Amino acid sequence: MSNSENQASRTALRARNHRVRSTNRPDFRQLETFLKVSETRSFAEAARQLGVSQPAVSQTIARLEELYGGDLFERRRGTPVALTPIGRAVLPTVKLLLFTVDRQISRALATAQSMTGSLTIGFYPGLTSSPLSAGIVEFHQSCPGVQLRFVEAAPGELHRQLNERILDITFTALLPELTGGAVVKERLWEEPLVVGIRDDHPLAANENLRWADLSSLPILLRAHQGDLSAYRAVTSRAGDQALECELHDVSRSALIEMVRLGLGAAITLASATVPRDGIAFRPIVDENAAVGIDAVWPKDDRNPLRHRLLACVRKHASAAQPSVSKASRD
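Now for a quick tour of the structure. The structure presented is a predicted model; accordingly, all values stated were derived computationally and were not measured.

1. Looking at the nonpolar core
In terms of nonpolar packing, the biggest core is built from 44 residues, with F171, W211, L214, I267 and L309 touching the most fellow members. Beyond its immediate sequence surroundings of up to four residues, L309 is in contact with L119, I121, G135, I136, F139, I169 and F171.

Structural data, given as structure tokens:
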């Protein structure tokens, strides 16, 4: 029987097999062998580059041709193999599939090494100038392939999103009491409280202020959707000093604008202050005039990116306040 008759017989047999074949699919080893043969146009050279025997390559291609129901290569003695119409139809998809798998493996390895992926970070109240901002800068410079997403919200809302796994980690003050052991909390540093007042107010002439100095001013506080974290923090730290507090469901920038309009004073964390025309920020120097900043994350979380970011923030927190314990956990 001639070569053309043999090929015709094989094609007819595979066509029959194709009609009755099972739902088996080619595996990646078969597709890699097909791609290597198409690139080298030689079974022998493909075998050499793959590190297998030539019969093994021939058998792999034969099984693949059974799955596809026809010849993938034209085989003529003494000439390089060439793709058949079926082989040409299959080749682009095989290339794309193997490229996609290789890329997924590369991305998975990079993620495991904390070099790529995504991280959603919750924070309250600011990223302006603090160990958190310095840690994020260092993390981003060392892992530029990681996509960072930020969520600014009140402490209670951050806690909710953390429990619902919307957030990977939060950095916050004034977090509600944590129960149930579902999260880990670590105290990172103490943040000084400052007061913002109009720069033409008589108190702006002082280099620093005390709680007693603020009793003559309305204290403007944020209370988004009924969150009273800021109110409780201020009143508990002021002790017996009576303060006239006004609660407003506004953004931080709107609150500072209200100060600029002369409607009162605003108490905030030092890291949340942004220079503003017409506003003077003065530190509160009473003993109880600082707020602890905590990192909080799910207890069973094994995200390597989260670990790497937290290590960066810890380093800057330790450099800024070496006396603050890094082992305070609930």
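Alright, that's what it looks like, and here's the rest.
2. Observations regarding the side chain of Q161
You can see Q161 is positioned in helix α7 (residues 155-163). Not counting chain neighbours up to four residues away, the residues in contact with Q161 comprise V151, I166 and L167.

3. What about the layout of surface pockets?
One number sums up the size of the largest pocket: a volume of about 370 Å³. What lines the largest pocket is a set of 25 residues, and nearest its centre among them are R252, I267, T268, L269 and A272. Counting only elements with at least two residues in the lining of the largest pocket, the list comes to β7 (218-222), α8 (229-238), α9 (252-260) and β9 (265-269).

4. As for unusual backbone geometry
Even without glycine at this site, R41 takes up a positive phi of about 60 degrees. With phi around 60 degrees, R165 is a residue other than glycine that occupies positive phi space.

5. A word on the side chain of T60
Along the polypeptide, T60 turns up in helix α4 (residues 54-68). What makes T60 buried here is its relative accessible area of 4%. There is a polar contact of 3.1 Å between the side chain of T60 and the side chain of R29. Setting aside its immediate chain neighbours within four residues, T60 contacts R29, Q30 and T33.

About the criteria used
Residues numbered from 1 in each chain as written. Predicted model: local features only at pLDDT ≥ 70, side-chain atom pairs only at ≥ 80, totals over all residues. Heavy atoms only, no water. Core = buried A, V, L, I, M, F, W, Y, C linked by side-chain atoms within 4.5 Å. Buried < 20%, exposed > 50% of the residue type's maximum accessible area, 1.4 Å probe, protein only. Contact = heavy atoms within 4.5 Å. Helix = DSSP H or I, 4+ residues; strand = E, 2+ residues; numbered from the N terminus. 1 Å grid on protein atoms, 1.4 Å probe; cavity = no way out; pocket = protein on both sides within 12 Å on 5 of 7 lines; lining within 4 Å. Points joined across faces, edges and corners; volume = space filled by probe spheres on them. Polar contact = N/O pair within 3.5 Å; in protein donor to acceptor, adjacent residues only side chain to side chain.

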